[in-house]
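Residue strings, one per chain:
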Amino acid sequence: MKIDIRLLGTVELRVDGQLVTMGAAKRRAVLAGLALEANRPVSLDRLSDMVWADSTPASAVANLRSHVAGLRRAVGDRIVAHPGGYELRLAGGELDVTEFLRLAGDARAGRDSADPVAVIGRLAAALAQWHGPAGEGLPRSTSLDNRWATLDEQRLQIFEELAEARLTVGEHAGLLAGLREHLAAHPLRERAWGQLMLALYRCGDTPAALSAYRAARDSLYDQLGIEPGSELATLHRAMLDRSPELIWVPPVVAEPVAVAQHRVPAVDGSWVAPRELPADLVAFVGRTRELADVVAAVTGPAPAVAVVCGPAGGGKSALAVRAAHTVAAAFPDGQVYVDLGYQTDVAGEEVVARVLRSLGVAAADVPRRPEERAGRLRSRLAGRRLLLVVDGVTHAAQVRPLVPAGPGPALVVVAQRQLRSLDGVRRIMTGALGDADGRALLGALAGPERLDADPAATRELLRLCTGLPLALRVAGARLAGRPALSMDRLVAQIGDGRRRLDWLAHGDLSMRDRLATGFAAVRSEDEVAGRLIELLGGVPDGQLLPDSAAARLGVTAERVWRALEELIDTHLVYLDEPAGYRLPALVREYAAELTALPPVPRQLINGWRVTPGDRNRPAFQGVLEHL
C-alpha cells in the first residue's frame, strides 16, 4: 500500500493514488496530528489538543476512536493502537512535510558547492510540495497552530533562499513577478524587498529599484513604525552610488588547462600577467543595463566579444573600462588595453603585434607575416582567462584577428561604428544620458548644491550638453574649477552658438577634439561623407535630402545615399523622417566651423595639425600667412 499525505495546503489523503474522502475537519485534524508525529505514539490527550480549540468535550475519547476507525478503513494497519494512544507508520516520501524539510536541508547543505543549479533545483522541488497555507481547512486555535506557523515561515525562508540562489546565476528578470506577488502577501519581508530591488537594478530599471525601497520603507513604517534595517539601507545607498559590485558577473568556470598556461612569459623569462587597464572613473553614473550587457558578453560563451559603440563623446570608453574593471577578477591571466585613437591607418596585424608584446613576446620574435602573427596570438590565448580591450577602432579588420577562437579569453571593442561584419558578437549602444543621470553626473563633479541653487539653469545646461557624458564632464569640470561661476553664466557661455565648442573644452577634455577625430576617420575613408558633413553644416536648418546633396556635390544620389548610411553608422548623422538627414546639435556646431574655414588646402592644414577651432587663434593665422 502506497500512502500520500499532504498537509502543505488543503489536507489530503491518497491511498495507491486514489483520493480518500475523509469528511469532517476533525477527522482530517486527527490524520494531520498523527502524520506530524509519524512513527511515534501520540497520546489521546495530545490528539485532543490537536483537534479541539477550547475545552475538550466529554465525548472526546469516543470521538477520537471513531475518527481513527474511519481512517483505518482507508490505511489499514498503518495505524497501530498503543495503550492510551495511536501511531501512524509512514515510509519515506509519503508525507509532504517530511519531503519539504529533506529537500530544503539538502539544498542548504549544498549552498557552498560549485553547482548552484543543483541547489536551485532542490529549493524549487521543496517549494513544489506546497499547494496553499499549511493545514488549510483544519480547525484553528489548536495546539497545531504553532506547527502550521513554523512551516509557513520556513516556506517563506525557502522562497527567499531560492530567489537569492537565482540572483547569483543571473536569473534576475525571471524573479520579478514572483517577488512582487510574494511581497504583496508579506510586505514586511525586508530580505525579499532587497531581492526585488536588486533584480530591478540588474534589469536596468534603477528608478523602479529605488521606488521599491520607498515602498518597503512605507510598509515598515506604516505597520511597525520602524525604518528599514542596515542591510536594506546599505543596498539603497549602493544603488544611488551606482556601485559596480551590484552588477551580476557570471562565475568563472575553471578550464582544464595546465598551470603554466595561467602565466604569461616575459621577455626575461619570468612569469607576469599584464595589468594595463586605465584607471576607472570615480564619477560614473547610469549605464546600468549597458554595463550588465558588456559583462554578460565577455563572461559568456565563445566568442566572448562586446562591441561598445555610440556617438563621439558618448561615454563608450568609460563604459568599457568600467566593465573591464568589474570583471577583472574573472580574468586572472591579465588584461591588455590598446588605444588606436580612431586612426584608420592602423592595420590589424599591428594590433596583434602590440598584444603579443604585452604577452611577453620580444619585438624581434613577433612573426612578420600577418597570418603567422594571428596564429601565434591564438596559441598564446588558448585556454587563458585574459581580457583584451581595444579602444578607438574604426573598422572591423583592426580587431578581427583578436576575436577569441575558443573559451577563455574575451574581447571588448570600442568604436563609433557598429562593426556589423564581425559575426556572433554582442553590440552595446551608448546613447545620450537621460536627464536624471545627466544631472547625477553634473552633481558628482560640481556638487549637487550648485544644481539645486538654480534648477532652471541646470535643465538648460543639460539640454545644451545633449546628454553626452563628455560634454557634461566638461561642464562639471568648469563648475568645479570655478566655485564662483554661476550656473546661468555657464549656460550663457555654452549657449553661445558661435563659441559653444570653445566652452565645451577644459584641460584635456574637448568635445571639438573628439568630434574632429571622428570626422577625420570618416573623411579619410570616404571623401564624399566628409563633404556631406560640411554641406550639412552650411544648411540653415541643418537638414538635407539626398537628391539636393547629390546635385551640389556633383555625384549620383546613390553615392550620396551610401555615404549618408556610413555617417548614420558613425552617429554623425541621423535620419529625420520624412524631412531628411540631419546633424546632431554638437556635430552641427563642428560642421559649421568646417564650413567657415577659409579656402586653403586641407591637407596642408592637417599637416600643421590645425583644427577648425584654431581659426581665430594667432597660431592658426600664422599658418595661413605661411601658406
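Residues numbered from 1 in each chain as written. Predicted model: local features only at pLDDT ≥ 70, side-chain atom pairs only at ≥ 80, totals over all residues. Heavy atoms only, no water.

## As for the overall build of the protein
Part 1 of the argument: Of regular secondary structure, the protein possesses 27 helices and 18 strands.
Part 2 of the argument: Taking the intrachain contacts of the protein between residues at least 6 apart in sequence as the baseline, contacts between residues at least 24 apart amount to 67%. (Helix = DSSP H or I, 4+ residues; strand = E, 2+ residues; numbered from the N terminus. Contact = heavy atoms within 4.5 Å.)

## Considering the pairing of strand 10 (residues 335-339)
Along any regular strand, the residues point their side chains to alternate faces of the sheet.
Part 1 of the argument: When you tally the buried positions in strand 10, you get four out of five residues, the bulk of the element.
Part 2 of the argument: Here strand 10 runs beside strand 11 (residues 387-393); their pairing, made up of five bridges, is parallel. In the strand pairing of strand 11, Q335 is matched with L387. (Buried < 20%, exposed > 50% of the residue type's maximum accessible area, 1.4 Å probe, protein only. Pairing = 2+ DSSP bridges.)

## Comments concerning the environment of G507
Part 1 of the argument: With respect to the helices and strands, G507 occurs in the loop between strand 14 (505-506) and strand 15 (509-510).
Part 2 of the argument: Between the C-alpha atoms of G507 and A477, which are 30 residues apart in sequence, the distance is 9.1 Å.

## Structural notes on the pattern of salt bridges
Part 1 of the argument: A complete count under the given rule lists 33 salt bridges for this structure.
Part 2 of the argument: Across the pair R78 and E94 runs a salt bridge, and its minimum N-O distance is 2.8 Å. Of the two residues, R78 is situated in the loop between helix 3 (60-75) and strand 5 (79-82) and E94 in the loop between strand 6 (85-88) and helix 4 (96-109); the sequence distance between them amounts to 16 residues.
Part 3 of the argument: Within the structure, one salt-bridge network assembled from shared partners comprises E37, R40, R46 and R147. (Salt bridge = Lys/Arg side-chain N within 4 Å of Asp/Glu carboxyl O.)

## Some details on the sheet that holds strand 3 (residues 18-19)
Part 1 of the argument: Here three strands make up an open sheet; going across it, the order is 1-2-3 and the pairing antiparallel. Only two strands of the sheet have a single neighbouring strand rather than two, namely strand 1 (3-6) and strand 3.
Part 2 of the argument: For strand 2 (residues 12-15) and strand 3, the ladder comprises two bridges, and the chain directions are antiparallel. Looking across to strand 3, one finds that V15 is bridged to Q18.

## Section: the confidence of the model for the protein
Part 1 of the argument: Across the protein, pLDDT averages 85, with 89% of residues at or above 70.
Part 2 of the argument: Scored below 50 in pLDDT, residues 253-271 makes 30 contacts in the model with residues more than four places away or belonging to other chains.
Part 3 of the argument: This model gives residues 600-627 a pLDDT under 50, and the stretch forms 33 contacts once residues within four places in sequence are excluded. (pLDDT = per-residue confidence, 0-100.)

## Topic: the nonpolar core
Here is a general trend for soluble globular proteins: nonpolar side chains tend to be buried in one another's company.
Part 1 of the argument: Of all hydrophobic cores here, the largest spans 55 residues; its most connected members are L461, M511, L532 and L567.
Part 2 of the argument: Mapped onto the domain boundaries, this core takes at least three residues apiece from domain 2 (439-509) and domain 3 (526-596).
Part 3 of the argument: With near-sequence residues (within four places) excluded, L567 lies in contact with V522, A529, L532, I533, L572 and V573. (Core = buried A, V, L, I, M, F, W, Y, C linked by side-chain atoms within 4.5 Å. Domains from an automatic or database assignment.)

## What to know about empty space enclosed by the protein
Part 1 of the argument: Tallying each qualifying case throughout the model produces three cavities of 30 Å³ or more.
Part 2 of the argument: Estimates place the volume of the largest cavity at around 60 Å³.
Part 3 of the argument: Taken together, Y342, V393, T394, Q416, R417, G518, A521, V522 and T570 make up the full set of residues lining the largest cavity.
Part 4 of the argument: In terms of residue class, the lining of the largest cavity is built from four nonpolar, four polar and one charged.
Part 5 of the argument: Of the voids in this model, the second largest cavity is the one considered here, and its volume is about 50 Å³.
Part 6 of the argument: Every residue lining the second largest cavity is listed: Y201, R242, S243, I247, F284, G286, R287, T288 and L291.
Part 7 of the argument: Tallied by class, the residues present in the lining of the second largest cavity amount to four nonpolar, three polar and two charged. (1 Å grid on protein atoms, 1.4 Å probe; cavity = no way out; pocket = protein on both sides within 12 Å on 5 of 7 lines; lining within 4 Å. Points joined across faces, edges and corners; volume = space filled by probe spheres on them. Nonpolar A, V, L, I, M, F, W, Y, C, P; charged D, E, K, R; others polar.)

## Section: helix 12 (residues 316-327)
Part 1 of the argument: Helix length check: helix 12 (12 residues) gives 17 Å between terminal C-alpha atoms against 16 Å at 1.5 Å per residue, within 8%.
Part 2 of the argument: Taking burial as the measure, the 12 residues of helix 12 include 10 buried ones, the bulk of the element.
Part 3 of the argument: Looking only at helix 12, the buried set comprises K316, A318, L319, A320, V321, R322, A323, A324, T326 and V327. (Expected span 1.5 Å × (residues − 1).)

## Quick word on helix 13 (residues 348-358)
Part 1 of the argument: The set of residues buried in helix 13 consists of G348, V351, V352, A353, V355, L356 and S358.
Part 2 of the argument: On its buried face, helix 13 is in contact with strand 10, helix 14 (370-381) and strand 11.
Part 3 of the argument: Once helix 13 finishes, G360 follows within two positions and takes phi at roughly 95 degrees, a positive value.

## Some words on the packing of helix 23 (residues 546-553) against helix 24 (residues 557-569)
Part 1 of the argument: Running from amino to carboxyl end, helix 23 crosses helix 24 at an angle of 110 degrees, the nearest separation of the two axes being 8 Å. Looking at the two axes, helix 23 sits roughly perpendicular to helix 24. Taken as a pair, helix 23 and helix 24 cross one another with a handedness that is right-handed. Contact residues: P546, D547, A549 and A550 in helix 23; A557, V560 and L564 in helix 24.
Part 2 of the argument: Classifying every residue of the contact of helix 23 with helix 24 by side-chain character gives six nonpolar, no polar and one charged. (Axes fitted to C-alpha atoms, helices over the stretch in contact; angles between N-to-C directions. Parallel < 35°, antiparallel > 145°, perpendicular 65-115°, else oblique. Left-handed = near helix turned anticlockwise from the far one by under 90°.)

## As for the packing of aromatic side chains
Part 1 of the argument: Throughout the structure, instances matching the rule amount to two aromatic pairs.
Part 2 of the argument: Geometrically, the ring pair formed by F100 and W130 is edge-to-face, given 5.5 Å between the ring centres and 85 degrees between the ring planes. Residue F100 is found in helix 4, and its partner W130 is found in the loop between helix 5 (116-127) and helix 6 (145-168); the two are separated by 30 residues along the sequence.
Part 3 of the argument: Arranged with centres 6.0 Å apart and planes meeting at 65 degrees, the rings of F519 and Y590 form a pair that is edge-to-face. Taken together, the residues span a long stretch of sequence, with F519 in helix 21 (residues 511-525) and Y590 in helix 25 (residues 585-596) at a distance of 71 residues.
Part 4 of the argument: Taking NZ or CZ as reference, R385 lies 4.4 Å from the ring centre of F331, over its face.
Part 5 of the argument: Against the face of Y342 rests R514, its NZ or CZ located 4.2 Å from the ring centre. (Phe/Tyr/Trp six-rings, centres within 6.5 Å; stacked < 30°, edge-to-face > 60°. Lys NZ or Arg CZ within 6 Å of the ring centre and 35° of its normal.)

## Topic: the sheet that holds strand 4 (residues 42-43)
Part 1 of the argument: As summarised here, the arrangement of the three strands in space is 4-6-5, forming an open sheet in which the pairing is antiparallel. This sheet does not close on itself; its edge strands, each paired only once, are strand 4 and strand 5.
Part 2 of the argument: Pairing of strand 4 with strand 6, which is carried by two bridges, proceeds in the antiparallel orientation. Following the sheet pairing, V42 is matched in strand 6 by Y86.
Part 3 of the argument: Sitting on the sheet, helix 1 (residues 25-36) touches strand 4, strand 5 and strand 6, and the angle it makes with strand 6 is about 70 degrees.
Part 4 of the argument: Contacts from helix 3 reach strand 5 and strand 6, with the element oriented near 145 degrees to strand 5.

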